[in-house]
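Fold and geometry: a report
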Amino acid sequence: TAELKRTQQATMHLLEDVKRDKETIDKLYQDMKGIDKMKTEFMSVISHELRTPLTPILGYTQFFKDEKFGRLAPEYKESAAVIEREGKHLLSLIDSILDVSRLERGGEITLEKEPVFINVLVNELLEVMRPEIETRQIEVKAELPADLPALQVDPVKIRRLLANLLGNALKFTPRGGKLDVSGALVGGNIEIRVSDNGVGLAKENLDKIFEKFSQIDGSSTRAAGGLGLGLAFAREIVEAHGGQIRAESPGLGLGSTFIFTLPVV
Ligand code: ADP
């Protein structure tokens, strides 16, 4: 029985230890949650602060570029265009950080809806991307019926969604490749398909790529730039509008198609 008593005591000690450990872990977890919340708030404050001076910088750069202050020699005009382009890139990176902190807070996306013709948006974006399309010698085909009905959507968000998909199609398609955009009215939805004949996707990654920070094949995508957030936001934007988005690919090296729907209301 002395043996039994010793075992009993040892067990009691062990239980006490476990309880203490659990308390320590709980406390650490609470501390970490606090720090994580501070980090999210810090990211949000910093992004707002970075955004503020960037707005007038971009505004004045556009004035220069558009020769509102007088005619410019071509090389100055080109430099202004570079400043504007890179400034916009910086702005979109900052906006991504803002969006991540919003996602982490569990905040809802806010939509400012108005009537939008999606074919107009697609054509505008392809126009903006023309320099890149031409340097990379990508063959672009945009087949959107001119009579697609107007959508009641947030134009800024839908533009961003399209810019992400078109940008990815360019990024993950080698020089000389193909990019097709098509649209159709299917049921009560407008369905847009963005296809490329680039690097393609393995079956097991078709869903995964819509997760935050997910990038397949770190090395090549790092080379292509980006944060792995574009598709996470694409899905958030589509779903906030009551639509759906998915990716299809016959396999690695065989190109990809991104399909999303938006209800016509
Ligand atoms: P990012 O482009 O910044 O890496 P995204 O969220 O837009 O982030 O895309 C996530 C990942 O999905 C990419 O890193 C890439 O691996 C894959 N992907 C996206 N679009 C394509 C595409 N058109 N073809 C092949 N892979 C793609």
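Everything below is about the structure printed above this text.
Rules used throughout
Residues numbered from 1 in each chain as written. Predicted model: local features only at pLDDT ≥ 70, side-chain atom pairs only at ≥ 80, totals over all residues. Heavy atoms only, no water. Core = buried A, V, L, I, M, F, W, Y, C linked by side-chain atoms within 4.5 Å. Buried < 20%, exposed > 50% of the residue type's maximum accessible area, 1.4 Å probe, protein only. Helix = DSSP H or I, 4+ residues; strand = E, 2+ residues; numbered from the N terminus. Contact = heavy atoms within 4.5 Å. Pairing = 2+ DSSP bridges. Axes fitted to C-alpha atoms, helices over the stretch in contact; angles between N-to-C directions. Salt bridge = Lys/Arg side-chain N within 4 Å of Asp/Glu carboxyl O. Lys, Arg positive; Asp, Glu negative; His and termini not counted.

**Some points on the nonpolar core**
In terms of nonpolar packing, the biggest core is built from 39 residues, with I118, I158, L161 and F260 touching the most fellow members. Residue contributions to this core peak at seven residues, all from helix α5 (residues 155-171). Apart from residues lying up to four places away in sequence, I158 is in contact with I118, L121, V153, I237, H241 and L262.

**Comments concerning unusual backbone geometry**
Phi at E67 is positive, roughly 60°, even though this residue is not glycine. By the element assignment, E67 lies in the loop between α1 (2-65) and α2 (74-105). Although it is not a glycine, Q137 adopts a positive phi angle of roughly 50°.

**Points about the pairing of strand β7 (residues 256-263)**
Counting buried positions over the eight residues of β7 gives seven, a clear majority of the element. In this structure, strand β5 (residues 189-196) lies alongside β7, joined through eight bridges in antiparallel fashion. Along β7, the bridge assignment pairs D196 with S256. By the bridge criterion, four bridges tie strand β6 (residues 245-248) to β7 in an arrangement that is antiparallel. When the bridges of β7 are listed, I245 appears paired with F260.

**Some points on the sheet that holds β6**
Taken together, five strands build an open sheet; the order of strands is β2-β4-β5-β7-β6 and the sheet is mixed. Sheet topology places β2 (139-143) and β6 at the edges, where each strand pairs with a single neighbour. Sheet twist, expressed as the mean angle between neighbouring strand axes with direction ignored, is 15°. Looking at chain direction, strand β4 (residues 178-186) and β5 are connected through eight bridges and run antiparallel. Along β5, the bridge assignment pairs D180 with S195. The sheet contacts of helix α3 (residues 118-128) involve β2, β4, β5 and β7, and relative to β2 the element is tilted by about 165°. Taken strand by strand, α5 contacts β4, β5, β6 and β7, and its axis lies near 170° from that of β7.

**A few points about the pattern of salt bridges**
This model, assessed by the stated rule, comprises 19 salt bridges. Across the salt bridge formed by K39 and D36, the nearest N and O atoms sit 3.3 Å from each other. Pair noted here: K39 and D36 are both in helix α1, with a separation of three residues, about one helical turn. A residue is classified by how much of its surface remains accessible, and K39, at 34% relative accessible area, is partly exposed. For K37, the salt bridge goes to E41, with nearest N and O atoms at 3.9 Å. Taken together, the residues K37 and E41, both in helix α1 and four residues apart, mark about one turn of the helix.

**Some thoughts on the side chain of R136**
Mapped onto the elements, R136 comes out in the loop between α4 (130-135) and β2. Of the buried charged residues, R136 lacks a salt bridge, with E132 as the closest side chain of opposite charge at 4.1 Å. For R136, the contacting residues outside a window of four places in its chain are L170, K171, T173, P174, R175 and G176.

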